[in-house]
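Topology and contacts: notes
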Amino acid sequence: MSDAILRDKEESKPSISFIEQFIADDLKEGKNNGRIHTRFPPEPNGYLHIGHAKAICLDFGMAQKFGGKCNLRFDDTNPVKEEVEYIDSIKEDINWLGFDWEDREYYASDYFGKLYEFAVSLIRKNLAYVDDQPADVISSQKGTPTQPGTESPYRSRSAAENLDLFERMNKGEFDEGSRVLRAKIDMTSPNMHMRDPIIYRIIKSPHHRTGSTWMVYPMYDFAHGQSDYFEGITHSLCTLEFEVHRPLYDWFIDQLKTGDYRPRQIEFNRLNLTYTMMSKRKLLELVQEGRVSGWDDPRMPTLCGLRRRGYTPESIRNFVDLIGYTKVEAINDVSLLEHAVREDLNKRAPRVFGVLNPVKVIITNYPEGKVEEVELINNPEDESQGKRMVPFSREVFIDADDFMENPPNKFFRLAPGMEVRLKGAYIVKCEGVKKDETTGVIEEVYCTYDPDTRSGGKTSEKKVKGTLHWVSVSHAIEAEVRLYDRLFDHEDPAGQKDDDYRKFLNPESLKILTGCKVEPSLASARPLDKFQFQRLGYFCIDYDSNPDKLVFNRTVGLKDTWAKINK
RNA sequence: UGCUCCGUAGUGUAAUUGGCAACACGUCUGACUCUGGAUCAGAAGAGUUUAGGUUCGAGCCCUAACGGAGCAACCA
């Protein structure tokens, strides 16, 4: 590559999303005094998942990029669905991802007072009214997307009467569902959301923060934009399904604003992943029905699940970066996520030997009782991780997959008469096997070793096709290994109209292997420590692990060309 | 028979704002290797949903069609 082209490549700006473009344009036009302020507004009704990570990276990322701020705001306007339990987990997950809202932790419920006053002011301006009709009547009067709605008989109540009723609604004088407050906009609007939307409803269950101070609670549309306004948010980034809400968002801001400042809502595409379900409601069902072990089951797309699975925050951020933000409703391939972890873990995870399905290999010409410490590189991608010593002896375990009595062509592993290197140690040659006479299961493999082939020695020039990982029998530590596969065996489990998503649950999504053997250096590993089991994949220590019983989760396998050849 | 949004290699995104359609993942070759991983080198793969229009020139602007998504919760 010529210097000019190289320079060109380095200088070419990474492309920016349409959102970043909008923000840059707003900045150029001098809007909002050049301030950039975003917010991440989760409802505390469940755990955060990777779809939220996409939003978090955008909200905090844009603020960082433009020298602005990003608030954390809990959108807690519906006390019947929300719980404190979720608040802590949400904060933990955002921090884990690597973002910081500093001291700006807000709650929509902080604004219940102001919102109530704003509603009162709309009533006074004759822009809101109390409707006494039941839900189904109101709903049918709204018309359909293709037919205009009709006006409620209560639409022209006097401001005084509305004020009185609204106040009494909040005092608890009326039953839930008996009355609502509606904005008076336009029942014939082509946009359903503008047909006199309900802005307040009566809820008598206590709120997790405000207790029973309030009996009326604002709807999303009456809380979100206003909260943005109260906090001085300049760019309110949300997913595409809120696009049709934007006129209403702007309508309320118009009623509220006093100066030039106004927040702007911009919508982007939600994250969809193949073989994954993102709906919080359905994830909750999986948890409640015991189909997974909890919100942090390593098969869940939740951030706590991914964390337990062994994902790093960097890998998730890189993934989000890779897929970008657009207005196209796309379905991203999970394998891209898997690629992102592999790439990250390749750089950071120390290599170790772990044997999942052990078969004993006896090196018949190796002295009994002798133990050699062989030196192994911890991470060829990162020299600073150093080296370690691993004990080698006459009897070692290898993986059952690495031996075949009657191998096909191009099998570069151990088979009768074939030679392989035991990585870091010697080249061994298979001389025979012992099988269970009735089942045919291989019980022991007999090899001889070539003492001149010790790794690193002068005479180790001999080349063999295969190199195997191994663990010395007398030094091996027992471990349980949990192998995960995708939770669903359908690309789009939630998108099948005729079938319940449960039908697509992958029965093979969890395989627990016991009696696995790992090298002794792993004895002191702690939960969430990450390793590459050489030739197998990336594994991390599970929370269930303890020094007496190590438990590993497989984060993701290595790409396996042999498996592919075999298909 | 409404309104809003969206259509670019298999997938996801780009295209200096109207100037030779590029990148990543995946796929396929090959090299190297004490991880059949990683790494490195290379290749195939779209003429931008369709039809018109404006223009010297259109993925980009205009019109229409086709296809997809969202909108009729006292959810967010």
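Residues numbered from 1 in each chain as written. Chains lettered and ligands numbered in written order. Predicted model: local features only at pLDDT ≥ 70, side-chain atom pairs only at ≥ 80, totals over all residues. Heavy atoms only, no water.

1. What to know about the pairing of strand β22 (residues 510–518)
Where strand β11 (residues 354–355) meets β22, 2 bridges bridge the pair, whose relative direction is antiparallel. Residue V355 lies in a different strand from β22, and its bridge partner there is K517. Sheet topology places strand β21 (residues 477–484) next to β22; 7 bridges connect them, and they run antiparallel. Each bridged residue has a counterpart across the sheet, and for A479 the counterpart in β22 is C516. (Pairing = 2+ DSSP bridges. Helix = DSSP H or I, 4+ residues; strand = E, 2+ residues; numbered from the N terminus.)

2. Comments concerning the confidence of the model for chain A
Taken residue by residue, chain A gives an average pLDDT of 94. The fraction at 70 or more is 97%. Across residues 1–12 the pLDDT falls below 50, and counting only partners more than four positions away or on other chains, this stretch makes 2 contacts in the model. (pLDDT = per-residue confidence, 0-100. Contact = heavy atoms within 4.5 Å.)

3. Thoughts on the sheet that holds strand β17 (residues 427–435)
Consider a sheet: its strands pair through backbone hydrogen bonds, and that pairing is either parallel or antiparallel. Strand order in this open sheet of 7 strands is β19-β16-β17-β18-β12-β15-β20, and the pairing throughout is mixed. Taken across any chain shown, the strands that pair with only one partner, and hence form the sheet edges, are β19 (466–468) and β20 (471–472). Where strand β12 (residues 358–363) lies against strand β18 (residues 442–449), 4 bridges are found, and the strand directions are parallel. Counted as the bridge partner of K360 is E444 from β18.

4. Examining the protein's contact with RNA strand B
Every one of the 66 residues lining RNA strand B counts as a neighbour, but E329, R351, S455, Q532 and K559 are closest to it. Considering the 4 Å shell around the protein, atoms of RNA strand B inside it are sugar or phosphate in 62% of instances. Here a phosphate oxygen of RNA strand B sits 3.2 Å away from a polar atom, N or O, in the side chain of N269. Here a base nitrogen of RNA strand B sits 3.1 Å away from a polar atom, N or O, in the side chain of Q534. (Near = heavy atom within 4 Å. Polar contact = N/O pair within 3.5 Å; in protein donor to acceptor, adjacent residues only side chain to side chain.)

5. Quick word on helix α10 (residues 280–288)
Of all the residues in α10, the buried ones are K282, L283, E285 and L286. Around the axis of α10, the buried residues are gathered within 155° of arc, so they sit on the same side. Seen from the open side of α10, the exposed residues pointing more than 90 degrees away from its buried face are R281 and Q288. (Buried < 20%, exposed > 50% of the residue type's maximum accessible area, 1.4 Å probe, protein only. Arc of directions from axis to C-beta.)

6. Observations concerning the pattern of salt bridges
Here the structure, examined in full by the defined rule, presents 53 salt bridges. R182 is the salt-bridge partner of D131, the closest N and O atoms lying 3.1 Å from each other. You can see D131 sitting in strand β4 (residues 128–131) and its partner R182 sitting in strand β5 (residues 180–183), a full 51 residues away along the chain. For the residue pair D131 and R182, the accessibility class agrees, reading buried in each case. A salt bridge links E372 to R454, with the nearest nitrogen and oxygen atoms 2.4 Å apart. One end of the pair, E372, is in strand β13 (residues 371–377); the other, R454, is in the loop between β18 and β19, with 82 residues separating them in the sequence. Bridged by salt links that share partners, the residues D296, R308, E480, R482, D542, D544 and K549 form one connected network. (Salt bridge = Lys/Arg side-chain N within 4 Å of Asp/Glu carboxyl O.)

7. A look at the side chain of R201
Inspection of the secondary structure assignment puts R201 in strand β6 (residues 198–202). Here R201 occupies a buried position and makes no salt bridge, while the nearest side chain of opposite charge, E82, is found at 7.0 Å. A distance of 3.4 Å separates the side chain of R201 from the backbone oxygen of T77, its partner in a polar contact. From its side chain, R201 meets the backbone oxygen of P218 in a polar contact 2.7 Å long. Sequence-distant contacts of R201, defined by excluding residues within four places in its chain, comprise T77, N78, V180, M215, V216, Y217, P218 and M219. (Lys, Arg positive; Asp, Glu negative; His and termini not counted.)

8. Here's the deal with the layout of surface pockets
Within this model, the second largest pocket holds a volume of roughly 1,100 Å³. Lining the second largest pocket are 42 residues; nearest its centre among them are E43, Y220, E241, F242 and R270. Secondary-structure elements contributing two or more residues to the lining of the second largest pocket are β1 (37–40), α3 (50–65), β6, α8 (220–231) and β8 (235–239). Among the elements that make up the lining of the second largest pocket, the one with the highest residue count is α3 (5 residues). (1 Å grid on protein atoms, 1.4 Å probe; cavity = no way out; pocket = protein on both sides within 12 Å on 5 of 7 lines; lining within 4 Å. Points joined across faces, edges and corners; volume = space filled by probe spheres on them.)

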